[in-house]
Amino acid sequence: MPAPRAPTGENVMTITDVRVRKVTKEGKMKAVVSITLDNEFVVHDIKVIEGEKGLFIAMPSRKASDGEYRDVAHPINSETRERIQELILAEYEKAAAEQGEQNTL
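Quick caveat: nothing in here was measured; it's all calculated off a predicted structure.

K.L.:
It is not clear to me how the overall build of the protein chain should be interpreted in this structure. Could you clarify?
P.N.:
Each helix and strand in the protein chain was counted, giving 1 helix and 6 strands. When the helices and strands of the protein chain are listed from N to C terminus, the series reads β-β-β-β-β-β-α. A total of 105 residues make up the protein chain; the buried ones form 24% of that total. Taken as a whole, the protein chain presents about 7,800 Å² of accessible surface, with 50% of it coming from carbon and sulfur.

K.L.:
Can you walk me through the environment of Val48 in this structure?
P.N.:
Following the sequence through the fold, Val48 ends up in strand β3 (residues 41-51). For Val48 and Met29, which are 19 residues apart along the polypeptide, the C-alpha to C-alpha distance reads 5.9 Å.

K.L.:
Looking at this model, I keep getting lost on the pairing of strand β1 (residues 15-23). Mind explaining?
P.N.:
Looking along a regular strand, one sees side chains alternate from face to face of the sheet. In this structure, β1 lies alongside strand β2 (residues 29-37), joined through 7 bridges in antiparallel fashion. Bridged to Lys22 within β2 is Val32. The hairpin turn running from β1 into β2, its antiparallel successor, is 5 residues long, and Gly27 in that turn takes a positive phi close to 80°.

K.L.:
Help me out: how do you make sense of the side chain of Thr80 in this one?
P.N.:
Of note, Thr80 is situated in helix α1 (residues 78-104). Using a relative accessible area of 18% as the deciding quantity, one classes Thr80 as buried. Not counting the four nearest positions on each side in its chain, Thr80 is found in contact with Met13 and Pro75.

K.L.:
In this structure, what is going on with the nonpolar core? I would like to understand it.
P.N.:
Among soluble globular proteins, nonpolar side chains are generally buried collectively. Membership of the largest hydrophobic core comes to 17 residues, with the highest contact counts inside it found for Val33, Ile35, Ile46, Val48, Ile57 and Ile88. Of all the secondary structure elements, the ones that give two or more residues to this core are β1, β2, β3 and α1. The element best represented in this core is α1, accounting for 5 residues. With residues near it in sequence (within four places) discarded, Ile46 still touches Ala31, Val32, Val33, Ile35, Ile57, Ala58, Met59, Pro60 and Ile88.

K.L.:
Any chance you could explain the sheet that holds β2 here in plain terms?
P.N.:
Whenever strands of a sheet pair, they do so through backbone hydrogen bonds, lying parallel or antiparallel. If you walk across this open sheet you meet the 4 strands as β1-β2-β3-β4, and the pairing is antiparallel. Two strands close off the open sheet at either side, each with one partner strand: β1 and β4 (54-58). Each neighbouring strand pair of the sheet contributes to a mean axis angle of 25°, computed without reference to strand direction.

K.L.:
What's the story with the environment of Ala31 in this structure? I'm lost.
P.N.:
Secondary-structure assignment places Ala31 in strand β2. Not counting residues up to four positions away in its chain, the partners in contact with Ala31 are Val20, Lys22, Val23, Ile46, Lys47, Val48 and Tyr92.

Rules behind the numbers
- Residues numbered from 1 in each chain as written.
- Predicted model: local features only at pLDDT ≥ 70, side-chain atom pairs only at ≥ 80, totals over all residues.
- Heavy atoms only, no water.
- Helix = DSSP H or I, 4+ residues; strand = E, 2+ residues; numbered from the N terminus.
- Buried < 20%, exposed > 50% of the residue type's maximum accessible area, 1.4 Å probe, protein only.
- Areas by Shrake-Rupley, 256 points an atom, 1.4 Å probe, with all protein chains shown as cover.
- Pairing = 2+ DSSP bridges.
- Contact = heavy atoms within 4.5 Å.
- Core = buried A, V, L, I, M, F, W, Y, C linked by side-chain atoms within 4.5 Å.
- Axes fitted to C-alpha atoms, helices over the stretch in contact; angles between N-to-C directions.

What follows is the structure, given as structure tokens:
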């Protein structure tokens, strides 16, 4: 069965799962997250980072031979990046709140 189409004729990608694997309070990296796309494709090692302007995500990357880090997987437009970031940060906030509740028990 073909994937549903957006009104513009583009495929609609759905983030079907977000898993926050690690939540920390110390350091700039706050969590490591995996997302599943359309129940078919997983992207691991997305990082939740505390920056000067608040939380943001960093896509999985590796160090190239020139010493620079390059994304291994990433959205190709800002709308998709924003949608992914919003979902990930919402799940991170839930996980951080749950961890906080566990620490006060």
